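Structural description and commentary
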Amino acid sequence: MTPYVYERQSEYWTSHQIVQYFFDEGFEVFPFPLTQIDEKLLPADFIFFNKNKCKLFGIQYKALYKNSEDFWKIDETQNQQINQNNLHWIYYGLSEVRKTSELRSALHLARFVKAIELNNLDRFYVSGYKNKVSVHWNRWIGFHQRLENCLEGIKITSESQIRDEITRLQNSQRKLERLADDIIDLFLCDFDQRKVVFYS
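What comes next is a walk through the structure. (Residues numbered from 1 in each chain as written. Predicted model: local features only at pLDDT ≥ 70, side-chain atom pairs only at ≥ 80, totals over all residues. Heavy atoms only, no water.)

Some remarks on unusual backbone geometry
Quick reminder of the rule: Under the DSSP-based scheme used, a helix requires at least four consecutive residues in state H or I and a strand at least two consecutive residues in state E, with every element numbered from the N terminus. Buried, partly exposed and exposed residues are distinguished by accessible area as a fraction of the type maximum, computed with a 1.4 Å probe on protein chains only: under 20%, between the cut-offs, and over 50%, respectively.
Although it is not a glycine, C150 adopts a positive phi angle of roughly 65 degrees. With respect to the secondary-structure elements, C150 resides in the loop between α3 (140–148) and β9 (154–156). Among the residues examined, C150 registers a relative accessible area of 36% and is labelled partly exposed.

See below:
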């Protein structure tokens, strides 16, 4: 049981292409190291929360595995922690990249699904055959539109709310270092001001 492309490769390309998408759409993107999140949550005066159209969402990337039927591996412990802490703004970015020549299309070859929808699964199959649940997923453009229309992510109205959500996330993963190892990107998007803070 091996992945078509290593998770770090598909994660890097998908993450990079999400950031590039925001740039192309006219957003100002401010990258911020995930490991420094305890020291300072936001750059001063970057997001003002004045019109309540600021969304927080996280993406955990999963590589596609080849077998008799292609699937993504779901970490049961991690998924339980996400569910127990009600982190409904964490999504899996399920890569469908099967060869390195497809990496430049990684964002187009990803499915985005709420992590809590895959509760109690250790595998999620591409075809849907053998899956124990019916799951709603989107390609990037649909996911982005749902974020902007407040159908995905969590609405953020203050810096203290971000701190509360990230603290819950850190507690659910026990250590920030574990969070980084789990390949989670966090995005804070202000759709009114066209600004994004990207915790990488």
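Still more to cover.
Side note on the packing of helix α1 (residues 7–24) against α3
For clarity, the cut-off: Axis definition: a line fitted to C-alpha atoms, limited for helices to the stretch in contact. Angles are taken between N-to-C directions and run from 0 to 180 degrees. Orientation is classified from the angle alone, with under 35 degrees giving roughly parallel, over 145 giving roughly antiparallel, 65 to 115 giving roughly perpendicular, and any other angle giving oblique. The sense of a crossing depends on the near helix, which, turned anticlockwise from the far helix by less than a right angle, makes the crossing left-handed and, turned clockwise, makes it right-handed. By the convention used here, residues are in contact when the closest approach between their heavy atoms is within 4.5 Å. Residues are sorted three ways: Asp, Glu, Lys and Arg are charged, Ala, Val, Leu, Ile, Met, Phe, Trp, Tyr, Cys and Pro are nonpolar, and all the rest, Gly among them, are polar.
Remark: α1 packs on α3, axes separated minimally by 13 Å, with the N-to-C direction vectors making an angle of 60 degrees. Judged on the interaxial angle alone, α3 and α1 are oblique. Seen from above, α1 lies across α3 with right-handed handedness. Within the contact between the two elements, α1 uses I18, Y21 and F22 and α3 uses W140, I141 and H144. Classifying every residue of the contact of α1 with α3 gives five nonpolar, one polar and no charged.

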